[in-house]
Amino acid sequence: MQDNATEVTAAGIARLAGVGRAAVSNWRRRHTDFPRPVGGTETSPAFALAEVEGWLRRHSKLAEVPLKERVWQRLAGHPAGPVTALTHAGCVLLLIHDRSPVWLEVSSGTDERLAALLPAALEQVLTTRLGGGPDGSRANSPGSVNTVPVNTPTAPQLLPSAPLFRAVAELAAELGARHTFEFLLGRHLDANPRQYTVTPADLAGLMAALAGTARTVLDPACGTGALLRSAGGGNGGGNAGGNGGPSANGSGGATGRRLYAQDSSPELAALTALRLALHTRAPVHAAAGDALRADAHPELRADAVLCHPPFNERNWGHDELAYDPRWEYGFPARTESELAWVQHALARLGEGGTAVLLMPPAAASRRSGRRIRADLLRRGALRAVVALPVGAAPPYNIPLHLWVLRRPQRACAQPEVLLADAGRFAGEGRGGPDWQGVRETVLDAWHAFDRAGRLDERPGLARSVPVIELLDDDVDLAPARHLPPPAAADGAGRLTDVRERLAETLRLTAGLTPPVDPALPAAGRRPLTTVGELARAGALVMRTGGNGGRTRLPVLTDHDVLAGTAPSGTLPEGDEEAVLTEAGDVVVPVLGGGAVARVIDDATAGAALGRNLVLLRPDPELLDAWFLAGFLRGTANNRQASSYASTATRLDVRRLQLPRLLPAEQRRYGARFRALDEFERTLRQAGRLGEQLLRGMYDGLTDGTVAPD
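In short, a report on the structure. All values derive from a computational prediction rather than experimental measurement.

## What about the overall build of the chain?
Helix and strand content of the chain: 23 helices and 22 strands. Counting all 709 residues of the chain, 50% fall into the buried class. Sequence separation of 24 or more characterises 75% of the internal contacts of the chain that already satisfy a separation of 6 or more. Carbon together with sulfur atoms contributes 51% to the accessible area of the chain, which is approximately 33200 Å² in total.

## Focus on unusual backbone geometry
Going from Pro 394 to Pro 395, the amide bond is cis rather than trans, its omega being -5°. Tracing the backbone shows Pro 395 in the loop between strand S9 (382-387) and strand S10 (401-406). With a phi angle near 45°, Val 475 is a residue other than glycine that sits in the positive phi range. Unusually for a residue other than glycine, Asn 612 sits at a positive phi of about 60°. Residue position: Asn 612 is located in the loop between strand S18 (608-609) and strand S19 (613-618). Accessibility expressed as a relative area gives 28% for Asn 612, which makes it partly exposed.

## A closer look at the nonpolar core
Ranked by internal contacts, the top residues of the largest apolar core, which has 95 residues, are Trp 103, Leu 118, Leu 206, Leu 210, Leu 306, Leu 358 and Leu 402. It is helix H5 (residues 82-98) that provides the largest number of residues to this core, a total of ten residues. Formed jointly, this core draws a minimum of three residues from each of two domains, domain 2 (66-135 + 145-194) and domain 3 (196-234 + 257-486). The contact partners of Leu 118, leaving out residues within four places of it in the chain, are Val 92, Leu 95, Trp 103, Val 106, Leu 158 and Phe 165. If you look at the next biggest cluster of nonpolar residues, it comprises 42 residues, including Ala 291, Leu 300, Met 359 and Val 467.

## Here's the deal with the pattern of salt bridges
Pairing between side chains of opposite charge can happen when their charged atoms approach one another. Evaluated as defined, the whole model comprises 31 salt bridges. Residue Arg 293 is joined to Glu 320 by a salt bridge in which the shortest nitrogen-to-oxygen separation is 2.7 Å. Taken as a pair, Arg 293 in the loop between strand S6 (284-288) and strand S7 (302-307) and Glu 320 in the loop between S7 and helix H14 (337-347) lie far apart in primary sequence, 27 residues in all. Note that Arg 668 and Glu 665 form a salt bridge whose closest N and O atoms lie 2.9 Å from each other. Taken together, the residues Arg 668 and Glu 665, both in helix H23 (residues 663-703) and three residues apart, mark about one turn of the helix. The class of Arg 668 is exposed, set by a relative accessible area of 59%.

## Considering the packing of H5 against helix H9 (residues 162-175)
Following both chains from N to C, one finds H5 and H9 inclined at 50°, their axes separated by 10 Å at the closest point. In this view, H5 runs oblique relative to H9, as classed from their interaxial angle. H5 and H9 meet at a crossing whose hand is right-handed. Facing Ala 85, His 88, Ala 89, Val 92, Leu 93 and Ile 96 of H5, the residues of H9 in contact are Leu 164, Phe 165, Val 168, Ala 169 and Ala 172. A breakdown of the residues in the contact of H5 with H9 according to their chemical character gives ten nonpolar, one polar and no charged.

## A short note on the packing of aromatic side chains
The relative placement of two aromatic rings is captured by the distance of their centres and the angle of their planes. Applying the stated criterion across every chain, the model contains nine aromatic pairs. Between the aromatic rings of Trp 27 and Trp 55, the centroid separation amounts to 5.7 Å while the plane-to-plane angle is 45°, which identifies the pairing as tilted. One end of the pair, Trp 27, is in helix H2 (residues 21-30); the other, Trp 55, is in helix H3 (residues 49-58), with 28 residues separating them in the sequence. Side by side, Trp 27 and Trp 55 carry an identical accessibility label, which is buried. For the ring pair Phe 627 and Phe 631, a centre distance of 5.1 Å and an interplane angle of 65° mean the geometry is edge-to-face. Of this pair, Phe 627 and Phe 631 both sit in helix H21 (residues 625-632), separated by four residues, roughly a single helical turn. Three or more aromatic residues joined by ring pairs make a cluster, and in this case those are Trp 27, Phe 34, Phe 47 and Trp 55. Over the ring of Phe 183 we find Lys 68; its NZ or CZ atom is 5.1 Å from the centre of that ring.

Thresholds, definitions, all that
- Residues numbered from 1 in each chain as written.
- Predicted model: local features only at pLDDT ≥ 70, side-chain atom pairs only at ≥ 80, totals over all residues.
- Heavy atoms only, no water.
- Helix = DSSP H or I, 4+ residues; strand = E, 2+ residues; numbered from the N terminus.
- Buried < 20%, exposed > 50% of the residue type's maximum accessible area, 1.4 Å probe, protein only.
- Contact = heavy atoms within 4.5 Å.
- Areas by Shrake-Rupley, 256 points an atom, 1.4 Å probe, with all protein chains shown as cover.
- Core = buried A, V, L, I, M, F, W, Y, C linked by side-chain atoms within 4.5 Å.
- Domains from an automatic or database assignment.
- Salt bridge = Lys/Arg side-chain N within 4 Å of Asp/Glu carboxyl O.
- Axes fitted to C-alpha atoms, helices over the stretch in contact; angles between N-to-C directions.
- Parallel < 35°, antiparallel > 145°, perpendicular 65-115°, else oblique.
- Left-handed = near helix turned anticlockwise from the far one by under 90°.
- Nonpolar A, V, L, I, M, F, W, Y, C, P; charged D, E, K, R; others polar.
- Phe/Tyr/Trp six-rings, centres within 6.5 Å; stacked < 30°, edge-to-face > 60°.
- Lys NZ or Arg CZ within 6 Å of the ring centre and 35° of its normal.

Pasting the structure below:
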């Protein structure tokens with residue numbers, strides 16, 4: 001059937017054709033037969049995908065588009081919206097994953113036949129994997145909680161999606177059903193960053209590790225399911241007993257593990273349920289509804305609760321929940337929604353179970369919550385507060401906390417609480433934290449404390465504090481206020497070493513200062529060429545950075561290029577294939593209006609290319625990399641190749657110019673540009689050492705480790 005209802009924007013057309021958006025605008029002006037908009041707005045029109053593909057094919061402009069991109073375009077432009085399309089695609093992927101022969105049978109024949117047979121097949125797999133009532137039914141229970149997060153779509157709902165389902169199945173044959181869903185989910189989240197609050201994978205892994213192995217795990221504000229996926233998705237079965245005794249819910253499935261999820265957003269509950277079902281064989285019990293107002297799992301006593309609750313919620317149910325039995329440690333104030341989530345998590349734990357919650361730092365010190373914090377401490381429920389580095393999770397500009405809580409099995413005579421601060425592992429610039437350092441430091445301190453009930457001081461990092469010391473008028477649990485400063489051993493010697501390195505760097509800088517040669521005599525205008533012409537002639541290959549699918553691969557960001565630092569970014573899992581850098585590549589940022597180009601060396605080679613970067617890979621027989629990078633940095637060159645919007649400057653790399661010179665002459669220029677680059681890097685190093693020396697001197701003088709004379 002025709003799928004003209006699937007729409008694509010100008011940016012999508014540019015991706016299909018492998019060109020910039022400016023080229024699409026030119027085609028619309030120059031070609032009278034270019035497809036007319038069918039939706040969108042005047043400034044951002046939408047076009048029928050089938051018409052666009054036909055036009056590109058007729059005009060030989062359709063690039064060899066990766067299957068991933070074609071599938072994503074169908075999903076993003078779906079007439080029912082991307083969320084509905086993603087949910088239905090997830091149902092089909094679960095059918096392919098669990099019952100591939102059934103999919104092959106129902107997908108043979110016409111789209112109408114597929115839509116007619118698919119609901120019954122989906123109903124069977126959804127009932128089996130996403131649970132239901134004791135009799136296997138999937139009817140919603142009375143009340144405001146939707147215990148069936150993924151409703152089986154009808155044949156009329158599925159018919160417009162038939163081309164999408166066939167494309168998704170084709171992609172699943174290449175990547176597998178699980179990775180296909182991760183790719184589509186990742187692209188959807190990346191395309192709507194303000195709509196979703198995502199828990200980063202490294203943080204989710206740390207929270208799951210703090211909770212330990214558990215048979216039953218609950219996330220009452222599951223979002224996209226990152227926490228439950230880290231706790232139980234695809235990792236096999238947990239050991240019985242987990243964090244203390246068998247669960248009241250028994251064991252489920254071959255793994256002995258059960259996963260429980262709830263979210264106030266029905267679409268997120270559905271996506272989480274499908275994501276978990278694709279990642280684990282454990283039974284998945286997901287529900288849509290506000291867990292504070294309408295708890296879907298009131299009888300659950302889990303071994304572990306993981307939660308990234310919404311922050312600073314005033315309308316969390318303060319008025320209607322005043323007499324709720326969950327407020328065992330005190331009724332939370334209207335401004336203390338996070339403490340309501342803390343007590344909800346404790347109420348759903350079995351004895352000895354562990355809860356790990358991501359919390360805003362204000363929750364550790366606000367006066368309105370001091371009575372509840374005091375009772376959590378006195379009764380041994382709060383076991384640890386961990387300050388994370390800045391940039392660990394949104395909002396990225398503040399150091400969030402992790403609270404580790406446990407359902408007390410017995411009273412402790414002299415209880416202590418672990419306070420840890422991982423702030424020193426914050427990354428530079430836009431790079432994320434050093435997650436390996438965070439994980440090793442936090443888990444080592446927690447496991448040592450959990451075994452012994454106390455922890456000797458680790459200056460600047462962690463210590464256990466007797467609860468009695470914290471029970472003052474403020475009950476302030478911010479770790480930085482209770483941890484000793486970092487060890488000052490050899491502080492003066494360390495500063496002396498920095499000073500000597502700075503002096504040596506300054507001497508090196510003076511030696512590298514380039515001489516200014518006399519101006520060349522006027523010899524007429526040199527013939528010029530552009531990057532676009534060189535790319536068409538095969539002298540270089542041009543690639544654009546984006547989102548890759550290798551989460552463990554360092555990413556070279558535009559900030560790294562501008563600052564001259566090592567790759568510091570990360571890539572979301574399941575996204576498109578990364579563009580990997582090689583030694584001798586030239587990387588150019590396209591935003592910001594600066595004249596910058598960086599030649600990739602052996603240390604940076606192998607990193608993925610980040611957003612807003614263009615990679616130029618010159619043929620070394622035809623083009624010297626340093627010659628290319630040097631001329632691309634010319635101020636006038638950048639000015640003529642830039643376009644200006646109201647708030648930003650964008651560089652069209654194809655329009656950058658350089659002279660036509662023989663390879664020998666290119667190498668002469670390249671050697672000089674390379675010397676300038678070394679001089680620039682040395683200047684940066686001197687600046688960093690100077691800042692380090694200044695900060696160390698200020699800190700030493702103020703904390704008494706350096707004498708004023």
